[in-house]
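# Survey of secondary and tertiary structure
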Amino acid sequence: MLPEGNWITRAPNLRRKAVLLAKVQDEAGHGLYLYSATETLGADREQLIDDMHSGKAKYSSIFNYPALTWADIGTIGWLVDGAAIMNQVALCRTSYGPYARAMVKICKEESFHQRQGYESLITLCNGTPQQKAMAQDAMNRFWWPALMMFGPSDADSTHSDQSIKWKIKRFTNDELRQSFVDATVPQAEILGLTIPDPNLKWNEERGHYDFSEINWEEFWQVVKGNGPCNKERIAARLKAKEEGLWVREAANAFAKKRAMKKSA
Ligand SMILES: [Fe+2]
Ligand SMILES: [Fe+2]
């Protein structure tokens, strides 16, 4: 599981390692819930996985950014899982039952991920000047990709109107993005970190923070498969599928043998 998987062996202490392991395990579960939800629509799980490998099925743009330092793991928990919560809390009341029910459990786990990240950053930000600088560097690299997680702006979002009409989506991409910025600014202030946006400013009239335009060119490049880690991520998935083949075969053979014994 990347990028977090890379840091399990390098977590700074046993507690951090155990917490990160628990998070990674949750995320694997989230994948399973969502594949189960798609199966209720008649989709074939193997086919969906192959579609991801071939580039036909899309996945969140954020997974294509590298985690270069330990501070990135905290920042991912805080910002990336935080952005995921903003999206997914709304989806707990989406109109499609299997998806909504999966989201309830996912959100509880995501909130643990967000807190483990934030708590890890509190430690770094109260540590040595080097640790604080490491946290700021992670913030600088993850802020914009986290805002991109909400997807294209409403004007360019092709499925938004229909999804809102069918009550699959309850808020638009831009509404959720704004809520995330508004919620995150005070959290950054507590950490003493600077958000890398010179135009970030409270707008009294709107009752929201104003912020700069996102670099959409970068967003579309990542979505199209040309982000910093897209090829690496898909290669890792393919390798895992190939190397796990013998496990799946062995499990199937065992299940067959057991069924034969039962019917005998
Ligand atoms: Fe998740
Ligand atoms: Fe998460």
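Below you will find a few notes about this structure.

Each value, and the rule that gives it
Residues numbered from 1 in each chain as written. Chains lettered and ligands numbered in written order. Predicted model: local features only at pLDDT ≥ 70, side-chain atom pairs only at ≥ 80, totals over all residues. Heavy atoms only, no water. Helix = DSSP H or I, 4+ residues; strand = E, 2+ residues; numbered from the N terminus. Rg over C-alpha atoms; globule rule 2.2 N^0.38 Å. Areas by Shrake-Rupley, 256 points an atom, 1.4 Å probe, with all protein chains shown as cover. Donors = N, O, S within 2.8 Å, 3.2 Å for Na, K, Ca; no water. Buried < 20%, exposed > 50% of the residue type's maximum accessible area, 1.4 Å probe, protein only. Axes fitted to C-alpha atoms, helices over the stretch in contact; angles between N-to-C directions. Left-handed = near helix turned anticlockwise from the far one by under 90°. Contact = heavy atoms within 4.5 Å. Nonpolar A, V, L, I, M, F, W, Y, C, P; charged D, E, K, R; others polar. Tetrahedral: all angles 85-135°; square planar, octahedral: opposite > 155°, others 65-115°. Expected span 1.5 Å × (residues − 1). Bend = angle between axes of the 7 residues up to and from the residue. Core = buried A, V, L, I, M, F, W, Y, C linked by side-chain atoms within 4.5 Å. Phe/Tyr/Trp six-rings, centres within 6.5 Å; stacked < 30°, edge-to-face > 60°. Lys NZ or Arg CZ within 6 Å of the ring centre and 35° of its normal. 1 Å grid on protein atoms, 1.4 Å probe; cavity = no way out; pocket = protein on both sides within 12 Å on 5 of 7 lines; lining within 4 Å. Points joined across faces, edges and corners; volume = space filled by probe spheres on them.

### Digging into the overall build of the protein chain
- The helix and strand inventory of the protein chain stands at 11 helices and 2 strands.
- Beginning at the N terminus, the succession of helices and strands in the protein chain can be written as α-α-α-α-α-α-α-α-β-β-α-α-α.
- On C-alpha atoms alone, the protein chain measures out to a radius of gyration of 20 Å, which is about the 18 Å that the 2.2 N^0.38 rule sets for 264 residues.
- A principal-axis box enclosing the C-alpha atoms of the protein chain has dimensions of 75 × 50 × 35 Å.
- Approximately 15,100 Å² of the protein chain is accessible, and the part contributed by carbon and sulfur atoms is 59%.

### Here's the deal with the coordination of the iron ion (ligand 1)
- Protein coordination at the iron ion (ligand 1): the donors are Glu27 (OE), His30 (ND1) and Glu110 (OE), at 1.9 to 2.2 Å from the metal.
- Expressed as a motif, the donor residue spacing for the iron ion (ligand 1) is E-x2-H-x79-E.
- A separation of 3.4 Å is found between the iron ion (ligand 1) and the iron ion (ligand 2), which share Glu27 as a coordinating residue. Taken as a pair, His30 in helix α2 (residues 14-39) and Glu110 in helix α5 (residues 97-125) lie far apart in primary sequence, 80 residues in all. One exposure class covers both His30 and Glu110, and it is buried.

### Remarks on the packing of helix α4 (residues 70-91) against helix α6 (residues 129-148)
- Their axes nearest at 9 Å, the elements α4 and α6 cross at an angle of 35 degrees. In terms of crossing hand, the pair formed by α4 and α6 is right-handed. Between α4 and α6, the residues in contact are Trp70, Ala71, Asp72, Thr75, Ile76, Trp78, Leu79, Val80 and Ala83 and Met134, Ala135, Ala138, Met139, Arg141, Phe142, Trp143 and Ala146, respectively.
- The residue makeup of the contact of α4 with α6, split by class, is 14 nonpolar, 1 polar and 2 charged.

### Describing unusual backbone geometry
- Positive phi is not limited to glycine here, since Lys167 has a value of about 60 degrees.
- Counting through the fold element by element, Lys167 comes out in the loop between α7 (160-165) and α8 (173-191).
- Assessed through its relative accessible area of 57%, Lys167 is described here as exposed.

### Thoughts on the coordination of the iron ion (ligand 2)
- Distances from the iron ion (ligand 2) to its protein donors, Glu27 (OE), Asp81 (OD), Glu110 (OE) and His113 (ND1), fall within 1.9 to 2.1 Å.
- Viewed at the metal, the 4 donor atoms of the iron ion (ligand 2) are separated by angles of 90 to 151 degrees, and the geometry they form is irregular.
- Donor residues for the iron ion (ligand 2) sit on one chain with the sequence pattern E-x53-D-x28-E-x2-H.

### Thoughts on α8
- Over its 19 residues, α8 runs 27 Å from end to end, which matches the ideal 27 Å to within 8%, given 1.5 Å per residue.
- Approximately 25 degrees is the largest bend angle found in α8, and it occurs at Thr184, with the proline Pro186 only one to four residues beyond.
- Those residues of α8 not exposed but buried are Asn173, Leu176, Arg177, Gln178, Phe180, Val181, Asp182, Thr184, Val185, Ala188 and Leu191.
- Buried positions along α8 lie against α4, α5, α6, α7, β2 (208-210) and α9 (216-226).
- Count one or two residues on from α8 and you reach Gly192, which has phi positive near 80 degrees.

### Quick look at the nonpolar core
- One finds Trp78, Leu79, Met139, Trp143 and Phe180 to be the most contacted residues of the largest nonpolar core, which totals 45 residues.
- Counting residues per element, the ones that place at least two in this core are α1 (5-8), α2, α4, α5, α6, α8 and α9.
- Once you skip the residues sitting within four places of it in the chain, Phe180 turns out to touch Leu79, Gly82, Ala83, Met86, Trp143, Ala146, Leu147 and Phe150.

### Structural notes on the packing of aromatic side chains
- Throughout the structure, instances matching the rule amount to 7 aromatic pairs.
- An aromatic cluster is built from Trp143, Phe150 and Phe180, whose rings are joined through pairwise contacts.
- Looking at Arg10, its charged tip hangs above the ring of Trp7, at a distance of 4.1 Å from the centre.

### Considerations on empty space enclosed by the protein
- One pass over the full model with this rule turns up 1 cavity of 30 Å³ or more.
- Reported here for the largest cavity is a volume of approximately 30 Å³.
- Lining the largest cavity, in full, are Arg16, Val19, Leu20, Trp70, Ile73, Gln116 and Ser120.
- Those elements giving two or more residues to the lining of the largest cavity turn out to be α2, α4 and α5.
- The leading source of residues in the lining of the largest cavity is α2, at 3 residues.

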